[in-house]
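# Report on the structure
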Amino acid sequence: MLIPLILSGGSGTRLWPVSRRNMPKQFLSLTGEGTLFQQTVARTRLLPEVAAPIVVASEDHRFLAADQLLESGIEGSNIVLEPVARNTAPAIALGALKALERDPDALLLVLPADHLIGDTRSFTTAVQQALPAARDGWLVTFGIRPDRPETGFGYIRRAESIGENAYRVAQFVEKPDQTTAETYVSDGGYDWNSGMFLFRASRYLEELDQHAPDMLATVRAAYATGHRDLDFVRVDKEAFTKVPDNSIDYAVMEKTSRAAVIPVSCAWSDIGSWSALWLSGQHDEQGNQREGDTLAVNTRNSLLRSHDRHMIATVGVDDLIVVSTPDATLVAHRDAAQDVKKVVDQLKASGRTEHSFHRVVHRPWGSYDSLEAGGRFQVKRIVVKPGASLSLQKHHHRAEHWIVVSGTAEVTCDEKVFLLTENQSTYIPLGSVHRLRNPGKVALELIEVQSGSYLGEDDIVRFDDVYGRA
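Residues numbered from 1 in each chain as written. Predicted model: local features only at pLDDT ≥ 70, side-chain atom pairs only at ≥ 80, totals over all residues. Heavy atoms only, no water.

Mapped onto this numbering, the UniProt entry gives "domain: Mannose-6-phosphate isomerase type II C-terminal" (unreviewed entry) at residues 351-465. Secondary structure within residues 351-465 divides into 0% helix and 55% strand; the distance between the first and last C-alpha atoms comes to 30 Å. (UniProt positions renumbered as here; feature names shortened; annotations may be inferred. Helix = DSSP H or I, 4+ residues; strand = E, 2+ residues; numbered from the N terminus.)

For leucine 109, the location among the structural elements is in strand S4 (residues 107-112). Residue class for leucine 109 comes out buried when judged on its relative accessible area of 0%. Taking C-alpha positions, leucine 109 is 14 Å from glycine 137, a pair spaced 28 residues apart along the chain. Sequence-distant contacts of leucine 109, defined by excluding residues within four places in its chain, comprise Leu2, Ile3, Pro4, Leu5, Leu47, Phe123, Val127, Phe142, Phe197 and Leu198. (Buried < 20%, exposed > 50% of the residue type's maximum accessible area, 1.4 Å probe, protein only. Contact = heavy atoms within 4.5 Å.)

A few words on helix H6 (residues 201-211). Of all the residues in H6, the buried ones are Ala201, Ser202, Arg203, Tyr204, Leu205, Glu207 and Leu208. Considering only its buried residues, H6 is in contact with helix H3 (88-102), S4, strand S6 (139-144), strand S9 (190-200), helix H7 (213-224) and helix H9 (248-253).

Here the focus is the pattern of salt bridges. Counted under the stated rule, the structure contains 25 salt bridges. The salt bridge involving aspartate 60 is made with arginine 21; its shortest N-O contact spans 3.4 Å. Separated by 39 residues along the polypeptide, aspartate 60 in the loop between strand S2 (54-58) and helix H2 (62-71) and arginine 21 in the loop between strand S1 (2-8) and helix H1 (36-44) bring together distant segments of the chain. Here glutamate 354 ties to arginine 352 by a salt bridge, and the two come within 2.6 Å at their closest N and O atoms. Note on glutamate 354: relative accessible area 15%, which makes it buried. Since its relative accessible area comes to 45%, arginine 352 is described here as partly exposed. Through salt bridges with shared partners, one network takes in Arg145, Arg158 and Asp191. (Salt bridge = Lys/Arg side-chain N within 4 Å of Asp/Glu carboxyl O.)

Think of interface size as the accessible area that goes away when the parts come together; that is how it is often given. On domain assignment, one finds that the protein chain holds domain 1 (2-269), domain 2 (284-348) and domain 3 (360-464). Using C-alpha coordinates to define each centre, domain 1 is positioned 40 Å away from domain 3. (Domains from an automatic or database assignment.)

What follows covers the sheet that holds strand S16 (residues 303-306). Strand pairing in a sheet is mediated by backbone hydrogen bonds. Such pairs are either parallel or antiparallel. Reading across the sheet, the 4 strands line up as S14-S16-S18-S19 and stay open at both edges, with mixed pairing between neighbours. Looking along the sheet, the strands with just one partner apiece sit at the ends: strand S14 (289-291) and strand S19 (328-333). If you compare each strand with its neighbour and ignore which way they point, the axes differ by 5 degrees on average. Pairing geometry for S14 and S16, over 3 bridges, is parallel. Paired with glutamate 291 across the strands is arginine 305, a residue of S16. (Pairing = 2+ DSSP bridges. Axes fitted to C-alpha atoms, helices over the stretch in contact; angles between N-to-C directions.)

Once that is clear, we can look at the pairing of strand S26 (residues 416-420). Pairing geometry for strand S25 (residues 409-413) and S26, over 5 bridges, is antiparallel. Each residue of the ladder has a partner; that of alanine 409, found in S26, is leucine 420. Two successive antiparallel strands, S25 and S26, enclose a turn made up of 2 residues, where aspartate 414 displays a positive phi of approximately 55 degrees.

Now for the sheet that holds strand S29 (residues 444-452). Pairing is antiparallel in the open sheet, where 6 strands are placed in the order S20-S21-S22-S29-S24-S27. The open sheet has two edge strands, strand S20 (360-363) and strand S27 (425-428), and neither has a second partner. Neighbouring strand axes in the sheet, compared pairwise and without regard to direction, differ in orientation by 20 degrees on average.

At a minimum axis distance of 10 Å, the contact between H3 and H7 shows a crossing angle of 55 degrees. The pairing of H3 with H7 is recorded here as oblique in orientation. Where H3 crosses over H7, the two elements pack in a sense that is right-handed. On H7, the residues touching Ala89, Pro90, Ala93, Leu94, Leu97, Lys98 and Glu101 of H3 are Met215, Val219, Arg220 and Tyr223. Of the residues contributing to the contact of H3 with H7, the split by class is 8 nonpolar, no polar and 3 charged. (Parallel < 35°, antiparallel > 145°, perpendicular 65-115°, else oblique. Left-handed = near helix turned anticlockwise from the far one by under 90°. Nonpolar A, V, L, I, M, F, W, Y, C, P; charged D, E, K, R; others polar.)

This part covers the nonpolar core. In terms of nonpolar packing, the biggest core is built from 56 residues, with Phe37, Ile79, Trp274 and Leu436 touching the most fellow members. Per-element tally for this core: the top contributor is H2, with 5 residues. Contacts of leucine 436, omitting those with residues within four sequence positions, involve Val384, Ser389, Leu390, Trp402, Ala409, Glu410, Val411, Leu444 and Leu446. (Core = buried A, V, L, I, M, F, W, Y, C linked by side-chain atoms within 4.5 Å.)

Right, let's talk about H2 for a bit. Counting buried positions along H2 gives 7 out of 10 residues, so the element sits mostly inside the fold. Listed in full, the buried residues belonging to H2 are Arg62, Phe63, Leu64, Ala65, Ala66, Gln68 and Leu69. Buried positions along H2 lie against H1, S2, strand S3 (78-82), strand S11 (232-234) and S20.

What follows covers empty space enclosed by the protein. One pass over the full model with this rule turns up 1 cavity of 30 Å³ or more. Estimated volume of the largest cavity: approximately 50 Å³. In terms of lining, the largest cavity is formed by Asn22, Met23, Phe357, His358, Val360, Val361 and His362. (1 Å grid on protein atoms, 1.4 Å probe; cavity = no way out; pocket = protein on both sides within 12 Å on 5 of 7 lines; lining within 4 Å. Points joined across faces, edges and corners; volume = space filled by probe spheres on them.)

Glancing now at the packing of H6 against H7. Close contact between H6 and H7 brings their axes to 5 Å; oriented N to C, the two are set at 125 degrees. Relative to H7, the element H6 lies oblique. Residue-level inspection shows Leu205, Leu208, Asp209, Gln210 and His211 of H6 in contact with H7, the latter providing Pro213, Met215, Leu216 and Arg220. When the residues that make up the contact of H6 with H7 are grouped by side-chain class, the tally is 5 nonpolar, 2 polar and 2 charged.

Summarising burial for strand S12 (residues 259-264): 6 of the 6 residues are buried, a large majority. Of the two faces of S12, the one carrying Ala259, Val261 and Pro263 and the one carrying Ala260, Ile262 and Val264 are both buried. Direction of pairing for S6 relative to S12: parallel, over a ladder of 6 bridges. Across the sheet, the residue bridging to valine 140 is alanine 260, located in S12. Sheet topology places strand S8 (residues 166-173) next to S12; 2 bridges connect them, and they run antiparallel. The partner of tyrosine 167 across the bridge, within S12, is valine 261.

The structure is reproduced here in structure tokens:
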């Protein structure tokens, strides 16, 4: 059985301000139809006789992953939740353990959730070419044939052939400087390290046991003491915290004698920075890539993206990145795109929240948008999905006014349960036990006005919650 294992734990800090900790790049629509996560899922469905995917995701993103799988038409898949990030080697071990529960001979196709592949036919052909070597016990990685000297990727040096378009790996090489990268490209025997793999789940665990036995033992313990929660497999947090942090390259691939590589040209990009997104996208006659409400005058080779209702206008500039969201704007030179992570680091160090949350915050029941805030008030636009419900809760420090804009709201306020429709409103006193539910078949939209001495999201006491947060 061929089982895709989609790794969805990345944070995408170099794509700030669009990608943030609670809404990272894999769950965003950055290019093409659907999000990067959904595009990854769609690629797996092009393969013959492929099973439903296993997803390893951060616990913070569990409902994002579940919702986007359902939107992709995938049901019955398994989502394994990492309570803390521990890099790719442990994440793949979790997926392998889950796959072996389905099939003791399972083949794992390991795919990062945040990559872009423009030529899906070449990709599926490469997977088919990799199957014989994987069945024969090789740990196969997919090498991207370089079309430029790139210093942002690691490289793989090919050795002798072991089958159709399959080669033994001679060496994994760290990210080179510009001169060395040019040498690799002219040599012709080096490929970019894509981070995509195919192997038998049991073989990966055998190699991990040989080269990193402590890691495998702690992953097994964390997995064995975990539990199922709704559609998720929750790994034991206390045990998983003890797992060593390491990548599959360092833990296994650079040490095994059975590493193989399949070279492929498939218009691949890891979308690791705004400059990478600019390279992979469509350009106008001046070399600009533009999204949203933008105006470019005497502007060349720039990336302009407006993710709000504010227009971006540029005049007389070249090689810039200008990205606007409702609460932040980034302006950077394309050559400095890798340094956007330093902005995120400074936001963290200063105690700000813009690295974690967008102004629009997604929840399993829908979303809220903080429209305005002052010393003792806050105004939010709340959208509740059809059939969804917020938790039964109360607040110690704030009261709330709800005004329905569209749809139907079922309101619980202490012992009262009643319906509100468009243009109707209600008041939730401080300390009242209340719940908001959408009983309809269309989205419920309302305006919430909060007032009180403290308006933080942690002023919530939950008594009952269908999403297990009580």
